[in-house]
Amino acid sequence: MSRYEPGQIEKKWQSAWDEAGVFTAKIDPAKPKYYVLEMFPYPSGRIHMGHVRNYTMGDVVARYKSSCGFSVLHPMGWDAFGMPAENAAMERGGHPKDWTYGNIAVMKDQMKPLGLSIDWSREFATCDPEYYGQQQSMFLDMLEAGLVYRKAAVVNWDPVDMTVLANEQVENGRGWRSGALVERKELTQWFFKISAMADDLLSSLDGLENWPEKVRLMQANWIGKSQGLQFAFETVNAPEGFEKLEVYTTRPDTLGGASFAGISADHPLAKALAEKNEAIAAFAAECRKGGTTAEEIETAEKIGFDTGLRVRHPLDPSVELPVWIANFILMDYGTGAIFGCPGHDQRDFEFATKYSLPIIPVFVAEGGVEAPLSEPFVPMKSERVTYIRNVAGAGVKTGEQGILDAIALAEEKGFGEGVTKFRLRDWGLSRQRYWGCPIPVVHCPTCGVVPEKKENLPVELPYDVSFDKPGNPLDRHPTWRDVPCPKCGQAAKRETDTMDTFVDSSWYFTRFTAPRATTPTVMSDADYWMNVDQYIGGIEHAILHLLYSRYFARAMNVTGHLPAKSREPFDALFTQGMVTHEIYKTTDDKGRPVYHLPEDVIRQDSGVTLADGRSVEVIPSAKMSKSKKNVVDPMNIIASYGADTARWFVMSDSPPERDIEWTASGADATSKHLTRVWTLSDRVASMPSDYAGTGDLELQKAVARAVVEVTKSIEGFAFNKAIAVLYGLTNTLAKADASALVARDGMRVLAQLMQPMTPHLAEEIWAMQGGEGLCARAPWPKADPALLVDDVITLPIQINGKKRAEISVPKDLASSEVEKLALAHEDVVKFLGGNAVKKIIVVPGRIINVVA
RNA sequence: GCGGGUGUGGCGGAAUGGUAGACGCGACAGACUCAAACUCUGUUUCCGCAAGGAGUGUCGGUUCGAGUCCGACCAUCCGUACCA
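Starting from 1, residues in each chain are numbered consecutively following that chain's sequence as written. Here chains are named by letter from A upward and ligands by number from 1 upward, in the order in which they appear as written. Predicted model: local features are reported for residues with pLDDT of at least 70 only, side-chain atom pairs are reported and counted for 80 or more only, and whole-chain, interface and lining totals are derived from all residues. Neither water nor hydrogens contribute to the side-chain values; these are computed over all heavy atoms in the structure.

Caption draft 1: Broad picture of the overall build of chain A. Only DSSP runs of H or I with at least four residues qualify as helices, and only runs of E with at least two residues qualify as strands; both kinds are numbered from the N terminus onward. Secondary structure summary: chain A contains 26 helices and 36 strands in total. By principal-axis analysis of the C-alpha atoms, chain A measures approximately 105 × 85 × 65 Å. Residue burial is assigned from relative accessible area. The probe radius is 1.4 Å, only protein chains are included, and a residue is buried under 20% of its type maximum, exposed over 50%, and partly exposed in between. Taking all 852 residues of chain A together, 53% fall into the buried category. Contact between two residues is taken to exist if any of their heavy atoms lie within 4.5 Å; hydrogens are not considered. Contacts in chain A between residues far apart in sequence, at least 24 positions, make up 71% of those at least 6 positions apart. Here the open area of atoms and residues is found with the Shrake-Rupley method and a 1.4 Å probe, where only the protein chains shown may cover a residue. Total accessible area computed for chain A in this model is approximately 38100 Å², and 51% of it derives from carbon and sulfur atoms.

Shown next as structure tokens:
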């Protein structure tokens, strides 16, 4: 008597797939192609359940599409540059390169047993010189195309990681990795001109119909388009060179209610004043210091400083407004200067109240009358209001119209113009770090910034570096740093900054189409494989990675590395949920929290304890994280149950976009089910071939229905529903009294339908039931339409909307006949209790509703 | 604040405006067993002995019919934030 032994069969079939080269992606002009990609992992050293879920989803899609006759590209690589490698080197010694490649080897070993249908021949790591050399080549192309530039900028400086961070990498004023409070520092940096494409990146979101609405919305908010008026105040007593003060507003219709002008502490005018006035300098310093945590910003008081300067109101030069420096005005949005209209802006209202500035209403609720305001009146722009002090005509109109009128007036009078502004700013890519892609330029005292020659690429990272001092080891590596100028040949210095790792991940998906090419991409390969038909990854990348990738695809099109159709590189996006687990906590004798692994706690009715009986606090589920120890190691699951169980479990029960709670009992139950399937297959295989059962047609119909439903569910990313159908089909097969041939056919279909989820078990069953070749290569089953229709259907009968009975009728029976049968039904007669029937609704094939 | 999502049994969750709770977990009962585990069979929304009644966060509306559509509210989660 044999048994289901995943440990043996999984190895066996993985070798069989490898030998047959089933997953090697090949350009086949005769087939439609399908490119499925899961966001590639950072090689942290161990895979976790989230990886298993992510890659299994992609694998289900890849295997399904392959069965459907597509030429599938399903590659894998490593997002291998980044700070953890350097941090590890600093903390524990060793070299980032060794650490990274070591981790890659370990993680690959952990992924292999999952039986993923990945074309490993295309694998690369972003820290491979062959990869980042091509990235440098593209950087030079982008430089030439004017898509990259240098400028001095105030940057977010992470004092712990000793590097610059992008705005997006600052969370609540703290570095997203180090958690350190971010400082402001002025440095000359490289920037990608992403803001030049802001409008395109925004409007193209509309075309991404197979992206989650949520992601498109988050990107739209991030790009932050606004339309408004930019105009100049004439200053009265300002220093030389500041005769005008440019301000930007999205509410020019409230200009009539202006009671002050405000500038940022970083505004050039504020800086000029600070040079001569110590009080202003001190105030500006105070503003810059301001708190950076979420709480501090929320509760931060609005503070201001009256500069004593005044500006003339553009509509009435006799009116002069005071100029204040205020802590809530940002230098890098708009012009760094505003006018304040306290009547219709919460922030300006608070400020005006604090400093006793006039509060002048511009409009009132439609039909209302002017009255003193105790709070600002801020209706929706689409709402109609009565203008009482409008710059462009009084009367009732929407805010939107008022704004348009005000812009028109400003343009007519020549003091301002309508402009569109974006919140999105250029992408600073310089990092003062070693473990990243070197920026391939040389600084020459004579020629300035000189691009490295392409034939000298890659500019490879030197291996002989040390991390015993803070800062960038490239800065203190003379033989690497000191080079002749590529242009004039005299002594020069390499750029020692490396690129933000988001650059690496912004084009890796194009590189998979020709991973060994000596150019960044090969047009013919890119043209065949691009775009990514289905991209799968975490919602945490909704803004940064996806926006940068969209930008890069455009830039690669401009520089001739991608076809125009790939300007939007991801046709469909799916964001999967996390795998979560409860957290088990105790405290040590000093009151500090101590966390425990799930396998170290014992669950009893009385509560949760450790082995020694100490009771454990249970904290509700959260994303699995090493520091909280609420992790389940996939390797343990695979070792004890096999990969198919792990794969089936992470796909079952919950919709894939939702978080799932890992439960040991769930994994156990999954394993039992797969054993049942195996045992069933064993039983069917050993049936005498001439056995004739009585339930053949019934079983064939059930199989046909399952084919339709599983297909539909996989197409719709409803893997949990596909699995529910497969449970049902297994139960039906187990109970059916069918002929040996029909039962074996049914088992083979079950194997094929399970193949995307549990590929090893599927091959085993396929082989047991005499399937030809590999299950992975068998074409996806099709349902015979004749088996999908029933001659007799069961219809529920409702009386006043409540179900009271059901009847079986021939499929094509006329509605009038159905009505008669329904009204004659004994339960219907009973419930009607002699009441007259007012109306009867027959929805063919669905339901009958009797209204009494 | 603003934007978005989600609320269905003990639990995860199903349900083109048409039989609410598919499927799974757990629980309970039975069979097998000397016994236990495994396995198999059955029951399992709630109240009720039953007939029957109630029921998808709350309140209202549209409809022959609402978990599903509309309005208001409550709860909860996520994103985002001094953006002029």
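Caption draft 2: Structural detail: the sheet that holds strand 16 (residues 395-398). Strands pair, by our definition, only if DSSP identifies at least two bridges between them. Taken in spatial order, the three strands make up an open sheet running 14-15-16, and their pairing is antiparallel. Since the sheet does not close on itself, it has two edges, and those belong to strand 14 (363-365) and strand 16, each with one partner. Averaged over neighbouring strand pairs, the angle between their axes works out to 40° when direction is ignored. Where strand 14 and strand 15 (residues 384-387) come together, three bridges link them in antiparallel fashion. Along strand 15, the bridge assignment pairs Phe363 with Tyr387. Axis lines are fitted to C-alpha atoms, over the contacting stretch for helices. Their N-to-C directions set the angle, which ranges from 0 to 180 degrees.

Caption draft 3: Quick look at the packing of helix 21 (residues 696-715) against helix 23 (residues 740-754). Relative orientation of the contacting elements helix 21 and helix 23 amounts to 10°, with a least axis distance of 10 Å. Classified by the angle their axes make, helix 21 and helix 23 are roughly parallel. Along its contact with helix 21, which presents Asp696, Leu699, Gln700, Val703, Ala706, Val707 and Val710, the element helix 23 presents Val742, Ala743, Gly746, Val749 and Leu753. Ten residue types, Ala, Val, Leu, Ile, Met, Phe, Trp, Tyr, Cys and Pro, are classed as nonpolar, four, Asp, Glu, Lys and Arg, as charged, and the remainder, Gly among them, as polar. Residue classes in the contact of helix 21 with helix 23 are distributed as nine nonpolar, two polar and one charged. Every angle not falling under 35 degrees, over 145, or within 65 to 115 is termed oblique; those three ranges are roughly parallel, roughly antiparallel and roughly perpendicular.

Caption draft 4: Examining the nonpolar core more closely. Grouped together as the largest cluster of nonpolar side chains are 161 residues, with contacts concentrated most on Phe139, Phe192, Tyr508, Tyr551, Phe552 and Trp662. Residues in contact with Phe552, not counting those within four places in the same chain, are Met138, Met142, Phe192, Trp427, Val503, Ser506 and Trp507. Working definition of a nonpolar core: buried Ala, Val, Leu, Ile, Met, Phe, Trp, Tyr and Cys residues. They are joined through side-chain atoms within 4.5 Å.

Caption draft 5: Structural context of the protein's contact with RNA strand B. RNA strand B sits among 48 residues. The nearest are Thr249, Thr250, Leu330, Tyr333 and Lys721. Residues are labelled near a given molecule or strand when at least one of their non-hydrogen atoms is within 4 Å of it. The share of sugar and phosphate among atoms of RNA strand B within 4 Å of the protein is 60%. Residue Ser654 places a side-chain N or O atom 2.8 Å away from a sugar or linking oxygen belonging to RNA strand B. We define a polar contact as two N or O atoms separated by no more than 3.5 Å, with the added condition that, inside protein, one atom must be a possible hydrogen donor and the other a possible acceptor, whereas residues neighbouring each other in sequence contribute only through side-chain atom pairs. A distance of 3.2 Å separates a phosphate oxygen of RNA strand B from a polar side-chain atom of Arg804.

Caption draft 6: A look at the environment of Glu320. By secondary structure assignment, the location of Glu320 is in strand 12 (residues 316-326). Relative accessible area serves as the criterion here: at 30%, Glu320 is assigned to the partly exposed category. Along the chain, Glu320 and Thr235 lie 85 residues apart, while their C-alpha atoms are 9.1 Å from each other. Not counting the four nearest positions on each side in its chain, Glu320 is found in contact with Val236, Arg310, Val311 and Arg312. Looking at Glu320, its side chain comes within polar contact range of the side chain of Arg312, at 3.4 Å.

Caption draft 7: Representation of the pairing of strand 11 (residues 304-313) in the model. Strand direction decides the pairing type here: strand 8 (residues 225-235) and strand 11, joined by two bridges, are antiparallel. Note on strand 11: the bridge partner recorded for Glu234 is Arg312. Taking the residues that link successive antiparallel strands as the turn, the strand 11-strand 12 hairpin has two residues.

Caption draft 8: The arrangement of the state of the cysteines in detail. Throughout, disulfides are identified as pairs of cysteine sulfur atoms within 2.5 Å of each other. Following the criterion strictly, the structure yields zero disulfides and no others. There is no disulfide at Cys68, and the cysteine sulfur nearest it, in Cys775, is 13 Å away. In this structure Cys68 comes out as partly exposed when scored by relative accessible area, which is 31%.

Caption draft 9: Local environment of the sheet that holds strand 22 (residues 482-484). Sheet architecture is open: four strands sit in the order 21-20-23-22, paired in antiparallel fashion. Where the open sheet ends on each side, the last strands, each with one partner, are strand 21 (448-451) and strand 22. The mean inter-strand angle of the sheet, taken between neighbouring strand axes irrespective of direction, is 40°. By the bridge criterion, four bridges tie strand 20 (residues 441-444) to strand 21 in an arrangement that is antiparallel. Each residue of the ladder has a partner; that of Val442, found in strand 21, is Val450.

Caption draft 10: Seen up close, unusual backbone geometry. Residue Pro458 follows Leu457 across a cis peptide bond; omega there is -5°. Structurally, Pro458 can be placed in the loop between strand 21 and helix 13 (478-481). The omega torsion across Met530 and Asn531 is 5°, close enough to zero to call that bond cis. Among the secondary structure elements, Asn531 is positioned in the loop between helix 16 (523-529) and strand 25 (534-538). Positive phi, close to 70°, is recorded for Asp653, a residue that is not glycine. In this structure, Asp653 sits in the loop between helix 19 (643-651) and strand 32 (660-661).

Caption draft 11: Highlighting the pattern of salt bridges. By convention in these notes, a salt bridge is any Lys or Arg side-chain nitrogen within 4 Å of a carboxyl oxygen on Asp or Glu. Tallying each qualifying case throughout the model produces 35 salt bridges. Glu817 is the salt-bridge partner of Lys820, the closest N and O atoms lying 3.4 Å from each other. Note that Lys820 and Glu817 are positioned in helix 25 (residues 815-824) at a spacing of three residues, about one turn of the helix. Note on Glu817: relative accessible area 34%, which makes it partly exposed. Within the structure, one salt-bridge network assembled from shared partners comprises Asp200, Arg550, Arg554, Arg567 and Glu568.

Caption draft 12: Region of interest: the pairing of strand 27 (residues 579-587). Counted residue by residue, strand 27 has eight buried out of nine residues, so it is predominantly covered. Bridge count between strand 27 and strand 32: two bridges; the pairing is parallel. Its bridge partner lying in strand 32, Thr580 is registered against Glu661. Taken together, the four bridges between strand 27 and strand 28 (residues 593-596) define a ladder with antiparallel strand orientation. By the bridge assignment, Thr587 is partnered in strand 28 with Pro593. Connecting strand 27 to the antiparallel partner strand 28 that follows it, the hairpin turn spans five residues, and Gly591 within it adopts a positive phi of roughly 85°.

Caption draft 13: Broad picture of the packing of aromatic side chains. To pair, rings of Phe, Tyr and Trp, with the six-membered ring standing in for Trp, must have centres within 6.5 Å; the planes then decide the type, stacked if under 30 degrees apart, edge-to-face if over 60, and tilted in the middle. Scanning the model with the defined rule gives 42 aromatic pairs in all. Measuring from centroid to centroid gives 3.6 Å for Phe40 and Tyr508, while their planes differ by 5°, and the two rings are stacked. Taken together, the residues span a long stretch of sequence, with Phe40 in the loop between strand 1 (33-38) and helix 2 (49-67) and Tyr508 in helix 15 (residues 508-511) at a distance of 468 residues. Accessibility assignment for this pair places Phe40 and Tyr508 in one class, buried. Aromatic side chains Phe192 and Tyr551 sit 6.0 Å apart centroid to centroid with 55° between the ring planes, which places their arrangement in the tilted category. Taken together, the residues span a long stretch of sequence, with Phe192 in strand 7 (residues 183-192) and Tyr551 in helix 17 (residues 544-558) at a distance of 359 residues.

Caption draft 14: Structural context of the side chain of Arg550. Inspection of the secondary structure assignment puts Arg550 in helix 17. Excluding its chain neighbours within four sequence positions, the residues that come into contact with Arg550 are Asp200, Leu201, Ser204, Leu205, Leu208, Trp211, Gln219, Arg567, Glu568 and Pro569.

Caption draft 15: The confidence of the model for chain A, seen in detail. Residue-level confidence of the predictor, termed pLDDT, takes values from 0 up to 100. Within chain A, residue pLDDT values average 88, and 96% of them lie at 70 or more. In the predicted structure, residues 291-298 sits below a pLDDT of 50 and forms nine contacts with residues beyond four places in sequence or in another chain. The complex prediction reports pTM at 0.90, with the ipTM value standing at 0.93.

Caption draft 16: The arrangement of the side chain of Ser430 in detail. Residue placement: Ser430 occurs in strand 19 (residues 430-431). A polar atom in the side chain of Ser430 sits 2.8 Å from the backbone nitrogen of Trp190.

Caption draft 17: Focus on helix 21. Residue count minus one, scaled by 1.5 Å, sets the expected span of a helix. When the terminal C-alpha atoms of helix 21 are compared, their 29 Å separation across 20 residues agrees well with the 28 Å that a helix rising 1.5 Å per residue should span. Looking at the residues trailing helix 21, positive phi occurs at Phe717, about 60°.

Caption draft 18: Up close: the environment of Ala88. For Ala88, the position within the fold is in helix 3 (residues 83-92). In sequence terms Ala88 and Ala526 are 438 residues apart; their C-alpha atoms lie 37 Å from each other.

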